[in-house]
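Residues per chain are reported as follows:
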Amino acid sequence: MITTISQNLGPVMFGALVLFLLIGYPAGFSLAAVGLFFGFIAIEFGIIDPSFLGAIPFQLFSILSNDLLLAIPFFTFMGAILERCGLAEDLLDSIGQLFGSIPGGLSYAVIFVGAILGAITGTVAASVIAMGVISLPVMMRYGYNMQHATGVIAASGTITQLIPPSLVLVVLADVMGKSVGDMYAGAIGPSIVQVSLFCVWVAILSYLKPHHVPALPPEARTLRGKALAWKCIRGIVPSAALIFLVLGTIFMGLATPTEAGAMGAVGSLALAAMYRTLTWKLCYQGMSSTMRLTAMVAFILIGARIFSLIFQGVGGGLWIEHLLTQLPGGREGFLIFSMVFVFFIAFFLDFFEIAFIIVPLLTPAAEKLGIDLIWFGLLICANIQTSFMHPPFGFALFYLRGIAPPEVKSRDIYLGSIPWIVLQLILVGLMIVWPEMVTYWLDKPVQIDPAAIQQRMNDLTPPGLSAPGGGSMPPLDLNAPPKL
Amino acid sequence: MTKLQWGLAIIVAMALMVVLVLALCRHLMGLARAIDRLSATTGVAANWLILLACLVSAGNAFARYLGFGSSNAWLEMQWYMFAGMVLFGASHTLRVNEHVRVDLIYGMVEDKTRHWIDLLGGVVFLMPMCILMIYFSWPWFIASWEVNEASNNAGGLLRWPVKLMIPVGFTFLLLQGLSEIIKRAAAIKGFYVHEYAYEKPLQ
């Protein structure tokens, strides 16, 4: 019995993790406790050395000194300020009026504004709340179908997760050990495809069920000509400036993603000041909610690191990798399994838990099967997007519920999200059959010819030495004492 | 003592703690409130670090564009502040119940069961974890303190203050864990209404 357990400590530990997490105690603490508990058991069984646990302070320190993780508070803070600064209102107002005359015009406006906000910030809350407050009442007043209206708002809010600078991509890049810049570059294609998919769906709907997405009557379009143009400029110019400040500096290599996040946060403070919405209360609330999220995320990561330190020590990592690489269907089998698994696990775990617990288990197997990790990371990102749209972690739906007028039923919000979840899954499918969507935007890897390198190495002759084997070094006399 | 005896002693100690806290929670409420105030204070410090870190990081990047160059001290200060937000903020986050849970079961059970989960989780998971973390990281800090360790980077900062933050932060967390245990016990006994119901953290 004891020997069976000690030989299969990896699987046992994994089972204990699932059990302990299910109890419902905060995940970060449960993870750390499972890790430490099994650490002592493994030492007792002689599987790992007692000095193994001494590595824990180093693990902690490497988390705290990770510059990239600072992007989490910066982007969250930026989102918290932007959420209530008035930019989204201006954008929606103007673009809504611009597209208002065509059927489904308000839906297109919501999608485009979602994409613009997504390119500015990295968190969901900002866009969903602003769009729900402004667009939902207008859509309801002019007879939009309720389920469609709530669905398009929630879905457009989640675009943020995929469009750079996305916080999800920063975290995934860090976990997978890839560059954030590459992740962002790879996300450009899928983002465009996603926005197009959403628009195509609205177009289909306005053809099949025009009464669900009516055009605005002329009396609703109050702004015309110069006034409309001015309003558009007022919304779009500051957005473009912020996009440059954050995304531009990252892509041009001027700033690290962390610095870009900090500049974006300062920029959005400046923008809020410009809109005269900046109050100390707004700023402090942003600081406070950002701090709580940061501490929470960092503790999940601390717990996950301690867990995986011991888990790797008892051979659990190899066990998982073996399981995953032996799946029927090889590479394709693994991809399908991991996508289905991530989709369903997102019903139980929130994004950060998936990133810190699940992704490190999948990554080595993916690497071994020769899967491009940038592509794989973006697949996971697109896949996880759905979890912002379905219960129980459907933040987008919660936000919407929070701000929707009482006549909007929860049932409408939940049912309305279904077509958009399907659209997001179609995106995942498209990315799988058409990887160029991601890789097109990446720098081509430098082709390395091993033979040429060998030749170069051979050509290198250290100065002062004749050809190899020439024996120009004076012979060493080991018996003689060194002459000083 | 053999290892088996050690294990048994730990289990008995945990059980004793649960019993004691349940019996004495009425008298311990003052202590819990004092700890809550401490955590609120460290939480305010952590809040400020968010804004400061933002300004330092953005300022550093700007200075580099303008050709003033940047220094390692500023870069290192950013992650010192990150360590500060996490370690000083975690106890406050625990106080307001915002550490994320897997609430498949937690979300379905009634309040009393939730209090029991939090009470036992605090005694079995959180407290031992914090104690071990302090135990592992304290000698590590001492070693750094004795040699007055500084960063390897040119112009870098002293290293031991951030290493000191780890055991200190976990001490705050340990204390807050104790406060939560007392409050949950009081809630089970029915003379305290827990003010922070669990809500999913919003992103």
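Residues numbered from 1 in each chain as written. Chains lettered and ligands numbered in written order. Predicted model: local features only at pLDDT ≥ 70, side-chain atom pairs only at ≥ 80, totals over all residues. Heavy atoms only, no water.

Caption draft 1: Structural view of the pattern of salt bridges. A complete count under the given rule lists 13 salt bridges over all chains for this structure. For K231(A), the salt bridge is made with D93(A), and the minimal N-O distance between the two is 3.3 Å. Linking K231(A) in helix α12 (residues 225-251) with D93(A) in helix α6 (residues 87-99), this pair joins segments that are 138 residues apart in sequence. Overall, the relative accessible area of 21% leaves K231(A) in the partly exposed class. The salt bridge partner of K183(B) is E180(B), with a shortest N-O separation of 3.1 Å. One end of the pair, K183(B), and the other, E180(B), are both in helix α5 (residues 160-189), three residues apart, so they sit about a helical turn from each other. Residue K183(B) shares its accessibility class with E180(B), and that shared class is buried. (Salt bridge = Lys/Arg side-chain N within 4 Å of Asp/Glu carboxyl O. Helix = DSSP H or I, 4+ residues; strand = E, 2+ residues; numbered from the N terminus. Buried < 20%, exposed > 50% of the residue type's maximum accessible area, 1.4 Å probe, protein only.)

Caption draft 2: Broad picture of the packing of α12(A) against helix α13 (residues 257-274) of chain A. All names here are of chain A. The N-to-C vectors of α12 and α13 enclose an angle of 165 degrees; their axes lie 8 Å apart at closest approach. With respect to each other, α12 and α13 are oriented roughly antiparallel. Classified by chirality, the crossing of α13 by α12 is right-handed. Facing α12, whose interface residues are P238, L242, L245, V246, T249 and I250, α13 presents P257, A260, M263, G264, G267, S268 and L271. The residue makeup of the contact of α12 with α13, split by class, is nine nonpolar, four polar and no charged. (Axes fitted to C-alpha atoms, helices over the stretch in contact; angles between N-to-C directions. Parallel < 35°, antiparallel > 145°, perpendicular 65-115°, else oblique. Left-handed = near helix turned anticlockwise from the far one by under 90°. Contact = heavy atoms within 4.5 Å. Nonpolar A, V, L, I, M, F, W, Y, C, P; charged D, E, K, R; others polar.)

Caption draft 3: Inspection of the confidence of the model for chain B at higher detail. Residue and element names in this part refer to chain B. Per-chain confidence: chain B averages 88 in pLDDT, with 97% of residues scoring 70 or above. Mean pLDDT values over the elements of chain B span from 79, in helix α3 (residues 103-106), up to 93, in α5. Model confidence for the complex: the whole-complex pTM is 0.85, and ipTM, which rates the interface, is 0.93. (pLDDT = per-residue confidence, 0-100.)

Caption draft 4: Geometry of the interface of chain B and chain A. If you look at the interface, chain B gives 62 residues, while chain A gives 72 residues. Between chain B and chain A, roughly 6,100 Å² of surface is buried when both sides are summed, and carbon and sulfur atoms account for 78% of that area. For the pair chain B and chain A, the interface holds two salt bridges. A salt bridge links R292(A) to E98(B); its shortest N-O distance comes to 2.9 Å. Applying the counting criterion to the chain B and chain A interface returns six residue pairs in polar contact (both at pLDDT 80 or more). (Buried area = accessible area lost by both parts, 1.4 Å probe. Polar contact = N/O pair within 3.5 Å; in protein donor to acceptor, adjacent residues only side chain to side chain.)

Caption draft 5: Quick look at α12(A). The largest bend in α12(A) amounts to roughly 35 degrees and is located at F244(A). The complete set of buried residues in α12(A) reads L228(A), C232(A), G235(A), P238(A), S239(A), L242(A), V246(A), L247(A), G248(A), T249(A) and I250(A). Tucked into the core, α12(A) has its buried residues touching α5 (71-83), α6, α7 (105-120), α11 (180-208) and α13 of chain A together with α1 (3-65) of chain B. Phi turns positive, to about 75 degrees, at G253(A), one or two residues after α12(A). (Bend = angle between axes of the 7 residues up to and from the residue.)

Caption draft 6: Representation of unusual backbone geometry within the structure. In this structure, the amide linkage connecting P164(A) to the following residue, P165(A), adopts the cis form with an omega of -5 degrees. By the secondary structure assignment, P165(A) is in the loop between α9 (146-158) and α10 (167-176). Notably, N97(B) is not glycine yet its phi reads approximately 60 degrees, a positive angle. Structurally, N97(B) can be placed in the loop between α2 (72-95) and α3. Taking relative accessible area as the criterion, N97(B) reaches 6% and is therefore assigned buried. Non-glycine residue N148(B) carries a positive phi angle of around 50 degrees. Looking at where N148(B) falls in the secondary structure, it is placed in the loop between α4 (111-146) and α5. Judged by relative accessible area, N148(B) falls into the partly exposed class, the value being 45%.

Caption draft 7: Structural context of the side chain of T76(A). Residues and elements named next belong to chain A. When you line up the elements, T76 lands in helix α5. The exposure class of T76 is buried, given its relative accessible area of 11%. Discounting chain neighbours no more than four positions away, the residues touching T76 are T123, L167, T290 and L293.

Caption draft 8: Molecular detail of the packing of aromatic side chains. Per the counting criterion, the structure on display carries 31 aromatic pairs over all chains. Measuring from ring centre to ring centre gives 5.8 Å for F62(B) and Y65(B), while their planes differ by 80 degrees; the resulting arrangement is edge-to-face. Here the residue F62(B) and the residue Y65(B) both occupy positions in helix α1, the gap between them amounting to three residues, near one helical turn. The partly exposed category is assigned to Y65(B), whose relative accessible area is 29%. Ring centres 5.2 Å apart and planes at 50 degrees place the aromatic pair W138(B) and F141(B) in the tilted group. With W138(B) and F141(B) both in helix α4 and three residues apart, this pair spans about one turn of that helix. Through successive ring pairs, a cluster of aromatic residues spans F20(A), Y25(A), F29(A), F299(A), F125(B) and F170(B). Its guanidinium or amino end placed over the ring of F61(A), K163(B) lies 5.5 Å from that ring's centre, counting from NZ or CZ. Note that K163(B) overlies the ring of W140(B), its terminal NZ or CZ placed 4.2 Å from the centroid. (Phe/Tyr/Trp six-rings, centres within 6.5 Å; stacked < 30°, edge-to-face > 60°. Lys NZ or Arg CZ within 6 Å of the ring centre and 35° of its normal.)

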